[in-house]
There are 6 protein chains.
Amino acid sequence: MKEKITMDLFERLEKLYTGLVCDVLDDELGFRKNVYIMSHEIRPLYFGAVVTGRAATALAVPVYTEPAKPYQGELEFIDSLEPGDVVVATQSGAMNAGLWGGLLSTGARYRGARGAVVDGITRDTKAIMGMKFPVFIRGIGPADSKGRIDVINHHLRIKCAGAWVNPGDVIFGDNDGVVVVPQDIAIDIVRLAEEKYEKEKNFEGGLRKGATVAEMFERYKIL
Amino acid sequence: MKEKITMDLFERLEKLYTGLVCDVLDDELGFRKNVYIMSHEIRPLYFGAVVTGRAATALAVPVYTEPAKPYQGELEFIDSLEPGDVVVATQSGAMNAGLWGGLLSTGARYRGARGAVVDGITRDTKAIMGMKFPVFIRGIGPADSKGRIDVINHHLRIKCAGAWVNPGDVIFGDNDGVVVVPQDIAIDIVRLAEEKYEKEKNFEGGLRKGATVAEMFERYKIL
Amino acid sequence: MKEKITMDLFERLEKLYTGLVCDVLDDELGFRKNVYIMSHEIRPLYFGAVVTGRAATALAVPVYTEPAKPYQGELEFIDSLEPGDVVVATQSGAMNAGLWGGLLSTGARYRGARGAVVDGITRDTKAIMGMKFPVFIRGIGPADSKGRIDVINHHLRIKCAGAWVNPGDVIFGDNDGVVVVPQDIAIDIVRLAEEKYEKEKNFEGGLRKGATVAEMFERYKIL
Amino acid sequence: MKEKITMDLFERLEKLYTGLVCDVLDDELGFRKNVYIMSHEIRPLYFGAVVTGRAATALAVPVYTEPAKPYQGELEFIDSLEPGDVVVATQSGAMNAGLWGGLLSTGARYRGARGAVVDGITRDTKAIMGMKFPVFIRGIGPADSKGRIDVINHHLRIKCAGAWVNPGDVIFGDNDGVVVVPQDIAIDIVRLAEEKYEKEKNFEGGLRKGATVAEMFERYKIL
Amino acid sequence: MKEKITMDLFERLEKLYTGLVCDVLDDELGFRKNVYIMSHEIRPLYFGAVVTGRAATALAVPVYTEPAKPYQGELEFIDSLEPGDVVVATQSGAMNAGLWGGLLSTGARYRGARGAVVDGITRDTKAIMGMKFPVFIRGIGPADSKGRIDVINHHLRIKCAGAWVNPGDVIFGDNDGVVVVPQDIAIDIVRLAEEKYEKEKNFEGGLRKGATVAEMFERYKIL
Amino acid sequence: MKEKITMDLFERLEKLYTGLVCDVLDDELGFRKNVYIMSHEIRPLYFGAVVTGRAATALAVPVYTEPAKPYQGELEFIDSLEPGDVVVATQSGAMNAGLWGGLLSTGARYRGARGAVVDGITRDTKAIMGMKFPVFIRGIGPADSKGRIDVINHHLRIKCAGAWVNPGDVIFGDNDGVVVVPQDIAIDIVRLAEEKYEKEKNFEGGLRKGATVAEMFERYKIL
């Protein structure tokens, strides 16, 4: 029977770095061909931001008229978040306004969300940085979403910044980027990444003692 | 009779943030369709930079030969600046050299300019950051403009980073972006933005007390 | 007989800034048409990073299968570095993985390299920033190069971020960008840049005393 | 009382060319600043295609899951078309599949539609060209829209290839591009374009008799 | 035991169109998520070009120095082609020169190749069109590959214009685009595409008799 | 003493193709590093268009206000053309309007110009194709230049679509692209291209008799 993903897995992940997880997905489990890494154009809002948690997804699209009930999908989505969730949303390429902002960050945190990854725009960056809410984003801008971008669906499979994300997948973002770990292999991946972490420390120790990178690669078979 | 824009308006604006001003332009005055927000690709040179003031515009274009009198338009423009001005200039897409730099920042500040917004490139970033001159820019590079980019006109209507700017419009830039407020409505816009600022504080206070975003939106009709 | 480039030239350069060197290449030695400035899209990994040294070049290209001997070219290249070298490498446009990272930074530093300029992706940014190794890069991402990018040749002429680089050219990168100085004129260029540095100080001093930029340009003929 | 737009207006337009209509919108009616010309990246599927008629709009967006009822919005929209309509639709930037194709062209023509302008992809180009249905499009590709692109709304204001389009606006596309004429000024615009057409013939006649372009511009004040 | 792919399969494919094959891959065999369709930016050199056959792949990359033996990989690759092959090659994003041209088209045809799909540039377009060799390409330019682009490997798995291609996969290109059919399912796919072709004819026949698209979709469940 | 370029050189060039000229510039005269080939994004307006002649250059830039004397630079430039000239102009990246069109084509032809190469937009394509005036262009659109694009200088060195062009350089465009041949080597280049043309015929003849491309390359040392 499958082991359940619990909060401590997210905490263990936070001690690692995203490169390690990518390497393990690549090499140990044959995921090289799969699309599980977001574009390098998604960046943390501030240096040191780290996010780990369970994907809660939303699909937003460009629109050109004000809806009858503005923000309806957005508000429903925020109020549906649960502890351990990470918001993962896409604006489907629209960059003329931001889905994300300060009030949503506050709302999401009060529901227990651990951060947000949005292929789009955020505003209220000063407030978000002040509350240390880890937001990963494509860009920053002041325009509101009303009449420009609408959440048309949530809690469904989406493609976000080039990566496929299913609700419940484990999200890991740090200063190197954002990785999506399929939920049914997440526990194994974290364990393997922890093992690789040890090897890298030894490799680096060897370099510090004067070994060549070729010698260390020969010994540890990693880079 | 129209109220005159004075320096204290710029100081009031500095206490707000650009998102608020965009919302007011959108909702209260029906400006949603208008092009008054610069592209999210224009970024402040350093975190915390804020600029407010009156637009003083310059049009620069790519050239491929050294002019007879190098820098002529650029020098004239800088020496024409007045207290309260914000430089707003475009390089018309050329990214191989920078119009802006340290000496121009020093020159502009000595004429009383409050900052610069350039759809182009700046250099001398260390010096500019050292003097805390708020520069908003598309990119950073070391090459000089001579024989590459020329100011062909100034103090005229231009399109800068997607936004139309008339000389005298009120410019507001912060970490979320740069907004252009038409001068004849600027006083009203600032007042309305101040009012919306209060509502947002209350909305956020409600979230902190455990309200859902839907409840707060229902009460304040803002997001 | 040509004067030899020694380490102290790199130290003199570090006291200047890249804009000065570009101006001297442009004006004094007629290099304006030449391609010696890298694209503004190459940025230092952290503010304050400065790199000077002798170019050691590598050519990497996108691949789609794992090589028989993974990382072979990369390891050879790192182990061939010598004191005073600056790594200059291109990923030939591939942005789906990073050639550069923490272990290579450690390895390069232990060989005596003074920094790295890579038209591509780095990972392990936290570790690299922690060791203050000056890396100039197009982007940041967590994916490893194995099966995605291969070093196919090194120590040869390459085009990196729009600039032609020959092994042995003098590389200078700071917060304003990266410049390539052909090795046979490097000593002259540094001397001329030092002279221009003095003029700029005087120009700026004049502005601080209230002169117009036009007056100062008239006196010093520089901008 | 406003004159009603009838089919013969579309036939008169077909004898003109889009450049003339743009000039009239620019000069005679002060529309220069308005966004009524689609991007030059929208091209006719075959040389000689001309479309005129009344805009019937549809908004499609990228999706990543198959809807419960596939194609629902698309089918409703096609079956709602009326004689004189021109389909105007946007895929909101998604280029991985095509909204348009051969069966929709046949369906639209049987409802009386006069052509289609889609900021997106079409397939079945051989069949469409065979039936001489004027399609203006951003690109060509073989993939179907199911699970990739969905029509979420129709008969509403949209932005298509940079131009705002209201249902009922007059659409004019030829080998030079696609123009949107607001419906309440369409009759005046066509009349003025017909007048300018005469002047251009005379201008060209003058050139053929050896006049300079400056002389002819002096006489006709047009170019 | 698997049925062998023979030349007549290629001839059957030529009677269909690429959209049909995409639909079958999507719906009948669950390939929707897979990357088997090349970018819409790959276009046939002339209208009416159709290519079907077995993929023979080559990997070319940008270089900046003339190789010791110019064109070596390219010549080897062309001389290795066999009857039924379709050249599938990528220039890895380099667009400053062309891998493909008139002499290679002649050489390839004399080896029995049925066409070429190159994510890159071709030259000698007049000659190629004169000999009716079906070339699918990203762009057209006059510059030769020597010292600019090198074939570094051939007959291996590559990514070409966004699609993964294994040697031996079945390639199908027509005016709508280029599709890659994995070789072990190619025979089934062609049979299913032939069946769907019949349904589409009936659907279209219904429309011509006045049915709505909704009625025809209800009956045939295809679009 | 230098031989003068006469009309018959342009006629000899027309019998060759641009690829040949690029090869000769590359190999015989060491021009590989130089920028003498325009971007592949510049295309002939119609298949079969060929242009040869002497460059007459114009520099146009984006503007945002109507000039006091509209079209002044444009009209002066057209009226200054002489027999044998080819218009070479750049819009400096602006794509929202076209410098070129039908009346300018008529005017240019009446002055004796042999064609036009514009890094920008043309309109009136039907008329231009009707008069068989060879226009090479980046795009097609209906909008006029007034208040959008201005000719600010002419008969000076410009960069056009990535290639440096001096007034008087020999321009050669065909379906493969556009090449700029510096005027002082043009006569030699044409002669060498004619010689290479013969070798290519023999190479192709060999292939038709069954030789491999490797054998033919071994014999002729060209590709």
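Numbering of residues starts from 1 in each chain and follows the order in which that chain's sequence is written. For this description, chains carry letters from A and ligands carry numbers from 1, given in the order in which they are written. Side-chain atom pairs in this predicted model are given and counted only at pLDDT of 80 or more, local residue features only at pLDDT of at least 70, and totals for whole chains, interfaces and linings cover all residues. Note that water and hydrogens are dropped before the side-chain values are worked out from all heavy atoms of the structure.

K.L.:
I keep staring at the interface of chain A and chain B and nothing clicks. Help me out?
P.N.:
Many analyses report the size of an interface as the accessible area lost when the parts associate. Each partner contributes residues to the interface: chain A has 29 residues there, and chain B has 29 residues. Accessible area, probed at 1.4 Å, shrinks when two parts are joined; the buried area is that loss added up over both. Counting each side, the surface lost to burial between chain A and chain B is near 2500 Å², with a carbon and sulfur contribution of 61%. By convention in these notes, a salt bridge is any Lys or Arg side-chain nitrogen within 4 Å of a carboxyl oxygen on Asp or Glu. Taken together, the links from chain A to chain B amount to 3 salt bridges. Where Asp-23 of chain B meets Arg-123 of chain A, a salt bridge forms, and the shortest distance between an N and an O atom there is 2.8 Å. Whenever a nitrogen or oxygen atom comes within 3.5 Å of another N or O atom, the pair is scored as a polar contact, on the condition that within protein one atom can donate a hydrogen and the other can accept it, and that pairs from neighbouring residues in sequence are kept only if both atoms are in side chains. Counting across the chain A and chain B interface gives 11 residue pairs in polar contact (both at pLDDT 80 or more). Numbering goes from the N terminus for both helices and strands, where a helix is a DSSP run of H or I of at least four residues and a strand is a run of E of at least two. Of all elements in the fold, only helix H3 (72-79), helix H4 (102-111), helix H5 (125-130) and strand S5 (135-140) of chain A reach the threshold of two or more residues within the side of chain A that touches chain B. Broken down by element, the side of chain A that touches chain B gets its largest block of residues, 6 residues, from H4 of chain A. The classification used treats Ala, Val, Leu, Ile, Met, Phe, Trp, Tyr, Cys and Pro as nonpolar, Asp, Glu, Lys and Arg as charged, and all other residues, Gly among them, as polar. Residues of the side of chain A that touches chain B, tallied by class, amount to 13 nonpolar, 6 polar and 10 charged. Two residues form a contact once any of their heavy atoms are found within 4.5 Å.

K.L.:
Could you clarify how one ought to interpret the arrangement of the chains in this entry?
P.N.:
A gap remains between chain C and chain D, with no contact made and the closest C-alpha atoms lying 19 Å from each other. Between chain B and chain E there is no contact, and the shortest C-alpha to C-alpha separation is 19 Å.

K.L.:
What should I look at first to understand the relation of the copies chain B and chain C in this one?
P.N.:
The pair of chain copies shares a relation made of a rotation about an axis and a shift along it. The least-squares superposition of copies is restricted to C-alpha atoms, and to residues with a pLDDT of at least 70 in both copies. Least-squares fitting of chain B to chain C yields an RMSD of 0.0 Å, with the transformation described by 0.0 Å of translation along the axis and a rotation of 120°. The superposition of one copy onto the other is thereby described by a three-fold rotation axis. No C-alpha of chain B lies nearer the rotation axis than that of Phe-47 of chain B, which sits 6.9 Å from it.

K.L.:
Could you clarify how one ought to interpret the environment of Asp-27 of chain B in this entry?
P.N.:
Structurally, the position occupied by Asp-27 of chain B is in helix H2 (residues 18-27). Throughout, exposure labels follow a simple rule: accessible area from a 1.4 Å probe, protein chains only, divided by the maximum for the residue type, with under 20% read as buried, over 50% as exposed, and the rest as partly exposed. Given the relative accessible area of 36%, Asp-27 of chain B is considered partly exposed. Residues Asp-27 of chain B and Ile-222 of chain B, spaced 195 residues apart in sequence, show a C-alpha to C-alpha distance of 10.0 Å. In this structure the side chain of Asp-27 of chain B is engaged in a polar contact, spanning 3.3 Å, whose partner is the side chain of Lys-146 of chain A.

K.L.:
For this particular structure, what's the right way to read the pairing of strand S9 (residues 170-174) of chain E?
P.N.:
Side-chain direction in a regular strand flips from residue to residue, so the side chains alternate between the two faces of the sheet. Residue and element names in this part refer to chain E. Judged by how many residues are buried, S9 sits mostly within the fold: 5 of 5 residues are covered. Side chains of S9 alternate between two faces, with Val-170, Phe-172 and Asp-174 and Ile-171 and Gly-173 buried alike. Pairing between strand S2 (residues 51-62) and S9: 4 bridges, direction antiparallel. When the sheet's bridge partners are listed, Val-51 is paired in S9 with Gly-173. Here S9 folds back onto strand S10 (residues 177-181), and the loop between the two strands holds 2 residues. Only strands joined by at least two bridges in the DSSP assignment are considered to pair.

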